[in-house]
Amino acid sequence: MADSYDVAVIGAGPAGYPAAIRAAQNGLRVVCVDAWKNRDGTPALGGTCLNAGCIPSKALLESTELVHRAQSEFAVHGIRTQGITVDLAAMQKRRAGIVRTMTSGIGALFKAAGVTAVYGSARLLAGRRVEVSAHDGSKSEISARHVVLASGSVPAELPSMRFDHEYICDSWDALEFDAVPPRLCVIGAGIIGLELGSVWRRLGSQVVILEALENFLTVADQQLALEAARHFKRQGLDIRLGARVAGARVANGAVSVEYADARGSQSIAVDKVIVAVGRKPYAAGLLGPDTGVKIDERGFISVDEECRTGAQNVWAVGDCVRGPMLAHKGKEEGVAVADRIAGRYAHVNYAVIPAVIYTAPEIAWVGQTEEQVKAGGAAYKSGVFPFAASGRARAMEAAVGFVKILAARDTDTILGVHIIGPLAGELIAEATLAMEFQASAEDLQRTIHAHPTLAEAVHEAALATDKRSIDNINK
Ligand code: NAD
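As the structure is a computational prediction, the values presented were derived from the model and not from experiment.

Rules behind the numbers
Every chain is numbered on its own, with residues counted from 1 as its sequence reads. Given that this is a predicted model, residues contribute local features only at a pLDDT of at least 70 and side-chain atom pairs are listed and counted only at 80 or more, while totals for whole chains, interfaces and linings are drawn from all residues. Hydrogen atoms and water are omitted, and side-chain values are computed over all heavy atoms in the structure. Each cavity reported here is a set of points on a 1 Å grid over the protein atoms alone in which a 1.4 Å probe fits but cannot get out, each pocket an open set with protein on both sides within 12 Å along at least five of seven lines, and each lining residue one with an atom within 4 Å of a point. Grid points are joined across faces, edges and corners, and a volume is the space filled by probe spheres set on the points. A run of DSSP states H or I qualifies as a helix once it reaches four residues; a run of E qualifies as a strand once it reaches two. Both are numbered from the N-terminal end. Under the convention adopted here, Pro, Cys and the residues Ala, Val, Leu, Ile, Met, Phe, Trp and Tyr are nonpolar, Asp, Glu, Lys and Arg are charged, and Gly plus all remaining residues are polar. At least two DSSP bridges between two strands are needed for those strands to be called paired. Fitted lines through C-alpha atoms give the axes, limited to the stretch in contact for helices. The angle between two N-to-C directions lies from 0 to 180 degrees. Two rings from Phe, Tyr or Trp (for Trp, the six-membered ring) form a pair when their centres sit within 6.5 Å of each other. Planes less than 30 degrees apart are called stacked, planes more than 60 degrees apart edge-to-face, and all others tilted. Only when the NZ atom of a Lys or the CZ atom of an Arg is both within 6 Å of the ring centre and within 35 degrees of the ring normal do we say a charge sits over the ring. For the purposes of this analysis, a disulfide is any pair of cysteine sulfur atoms at a distance within 2.5 Å. Each residue is placed in one exposure class: buried if its accessible area under a 1.4 Å probe, protein chains only, is under 20% of its type's maximum, exposed if it is over 50%, and partly exposed if it falls in between. Salt-bridge detection follows one rule: a side-chain nitrogen of Lys or Arg within 4 Å of a carboxyl oxygen of Asp or Glu. Just so you know, the domain bounds were taken from an automatic or database domain assignment. N or O atoms closer than or at 3.5 Å make up a polar contact, with two conditions inside protein: a donor-capable atom paired with an acceptor-capable one, and, for residues adjacent in sequence, both atoms drawn from side chains. Nonpolar cores were defined as sets of buried Ala, Val, Leu, Ile, Met, Phe, Trp, Tyr and Cys residues, with membership established by side-chain atoms within 4.5 Å.

Here the focus is the layout of surface pockets. Put simply, the second largest pocket is a space of about 1,200 Å³. Lining the second largest pocket are 37 residues, and of these Glu-65, His-68, Arg-69, Ala-360 and Pro-361 sit closest to its centre. Elements that contribute at least two residues to the lining of the second largest pocket include exactly helix H3 (54-72), helix H4 (88-113), helix H6 (191-202) and helix H7 (222-234). It is H3 that contributes the most residues to the lining of the second largest pocket, 11 residues altogether. Here the lining of the second largest pocket is composed, by residue class, of 16 nonpolar, 8 polar and 13 charged.

Pasting the structure below:
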């Protein structure tokens, strides 16, 4: 007989595990099935984010930023160092240790919340039955009143350049290199390309980033993108725009990458290629016959605003459904679905989802870009405050970038906040909260910000929307 539960969650990534925990907090009997296996064959909870994405990349970004600062900044502080060397094996061991701690932490959270964890791959059958194939090959069946699909996403592959995981690498491979590739080509100047390009550049790789689009970082406000491009260039990231990749050839331990740009056909020789051209939803083998769950033309599981799939009591959340592929968006959807299942109120505000790029300087935003506001046609005002005028940023030797706030001219409502500079990813939380509360720029202006902090730059940018900044006179 099949084990029966109130809720079966498929996937224990950042969308699935919060759904399972919240469902258990709501007093429901919950099982969470996850198929993840690490490269050494061990199963792990946490999905891409914890095992092969957000967490390991932030570990390496932190380590390599320290290398960069030790090399270029310590002397300015009057700290003399000699012969800084990098022990990549130790750096990678730290990264792996952080991942292990975080992923086993999810196992502990499941235990504490009373969620049953099952390691294996799950297939939804008609009638909310779930067939589980354990890693040892044995099969079992679960039935549940509700099923939550949280199967995530996988790196997109270029047809002209299949992953071989040695020369043509995906983002997971690129987090686990055991030697610094002297010459590295990154395909795609998106979030992953910029973060991983930065990591290996700081460790000494010559990095060329090929981007198909003519404009840089089109997802971001273009004033921010321009500022970012300036810094990345200075750091030695060779970003080539309008570069359409035609293919790659591996021979004699090197890769020749062919691409075309405005000047014609080009070719570069490198030691490794990282393909970072986006991710695609993952639902391979997830759906048996007659489940009633539909996949759209782009491969996403079709859902409504509240993450219902259309099959009764089957929900889907996170990267496998529409919307930005961001862990925190998936988490909110997972929690909301678990609350809806329990008959509680839930809401995900898709208009107020912050985005962060963990480069140096860090880049973060929430709400609309200036380009989007302009296209909307409503009258608006913009306030910009440079970190060069922030005492705290100066003290941190991090006085680069700015905060930019866009607000509606008539109602003063904040429409978008864009930050490039120190700890932008932390500072954006205040802006996100303000927008969630539908704050006006004046609300931020009248909020006391501690001095001297980086957050004062947000305060001053709000003042600047009315040309009333105190620390940066802007006529
Ligand atoms: P992305 O969509 O951010 O960027 C991919 C880039 O590749 C785009 O600029 C695109 O124009 C370019 N591209 C596509 N095909 C190309 C080609 N043939 N040649 C050259 N360039 C090409 O995707 P990503 O950086 O791979 O990230 C995937 C997802 O993961 C994104 O949704 C991202 O939001 C998410 N992610 C988020 C974070 C974070 O929050 N810090 C970090 C990593 C990934």
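Once the structure has been displayed, the description carries forward.
As a further point, take the sheet that holds strand S11 (residues 244-251). The 3 strands are arranged S11-S12-S13 in an open sheet whose pairing can be described as antiparallel. Strands at the two margins of the open sheet, each flanked by one partner only, are S11 and strand S13 (264-270). Direction aside, neighbouring strands of the sheet carry axes that sit 20° apart on average. Here 7 bridges tie strand S12 (residues 254-261) to S13, and the two strands are oriented antiparallel to one another. In the strand pairing of S13, Asp-261 is matched with Gly-264.

So, about the packing of aromatic side chains. What the rule picks out here adds up to 3 aromatic pairs. Aromatic side chains Trp-36 and Trp-172 sit 4.9 Å apart centroid to centroid with 40° between the ring planes, which places their arrangement in the tilted category. On the criterion of sequence distance, the pair formed by Trp-36 in the loop between strand S2 (30-34) and helix H2 (47-52) and Trp-172 in helix H5 (residues 171-175) is long-range, its members being 136 residues apart. Over the face of the ring belonging to Trp-172 we find Arg-39, whose NZ or CZ atom lies 3.9 Å from the ring centre. One cation-aromatic arrangement involves Lys-272 over Phe-177; the distance from NZ or CZ to the ring centre is 5.0 Å.

For the rest of this paragraph, the subject is empty space enclosed by the protein. Overall, the coordinates contain 1 cavity of 30 Å³ or more when judged by the stated rule. In this model, the largest cavity occupies a volume close to 40 Å³. Lining the largest cavity, in full, are Pro-155, Ala-156, Ser-171, Ile-192, Val-275, Ala-276, Val-277, Gly-278 and Arg-279. In terms of residue class, the lining of the largest cavity is made up of 6 nonpolar, 2 polar and 1 charged.

Counting across every chain of the model gives 0 disulfides. Note on Cys-54: no disulfide assigned, nearest cysteine sulfur contributed by Cys-49 at a separation of 3.1 Å. The class of Cys-54 is partly exposed, set by a relative accessible area of 29%. Of all cysteine sulfurs in the structure, the one in Cys-185 sits closest to Cys-169, which takes part in no disulfide; the separation is 11 Å. Its relative accessible area of 0% is what places Cys-169 among the buried residues.

Counted according to the given criterion, the structure contains 24 salt bridges. Note that Arg-145 and Asp-6 form a salt bridge whose closest N and O atoms lie 3.3 Å from each other. Of this pair, Arg-145 sits in strand S5 (residues 139-149) while Asp-6 sits in strand S1 (residues 3-10), and the two are 139 residues apart along the sequence. Of the residues examined, Arg-145 reaches a relative accessible area of 42% and is grouped as partly exposed.

The extent of an interface is frequently quoted as the accessible surface area lost upon association of the parts. The assigned domain composition of the chain is domain 1 (4-154 + 280-341), domain 2 (168-277) and domain 3 (355-464). Each of domain 1 and domain 3 has a C-alpha centre, and the two are 31 Å apart. Linking domain 1 with domain 3 are 0 residue pairs in polar contact (both at pLDDT 80 or more).

What follows deals with helix H1 (residues 16-25). In terms of burial, H1 is a largely internal element, 8 of the 10 residues being buried. Taken together, the buried positions of H1 are occupied by Gly-16, Tyr-17, Pro-18, Ala-19, Ala-20, Ile-21, Ala-23 and Ala-24. Backbone geometry just after H1 places Gly-27 at a positive phi near 85°.

Of all hydrophobic cores here, the largest spans 35 residues; its most connected members are Trp-200, Phe-216, Leu-217, Ile-274 and Ile-363. Residues Ala-24, Ile-106, Val-317 and Ala-338 belong to the second largest nonpolar core, which totals 27 residues.

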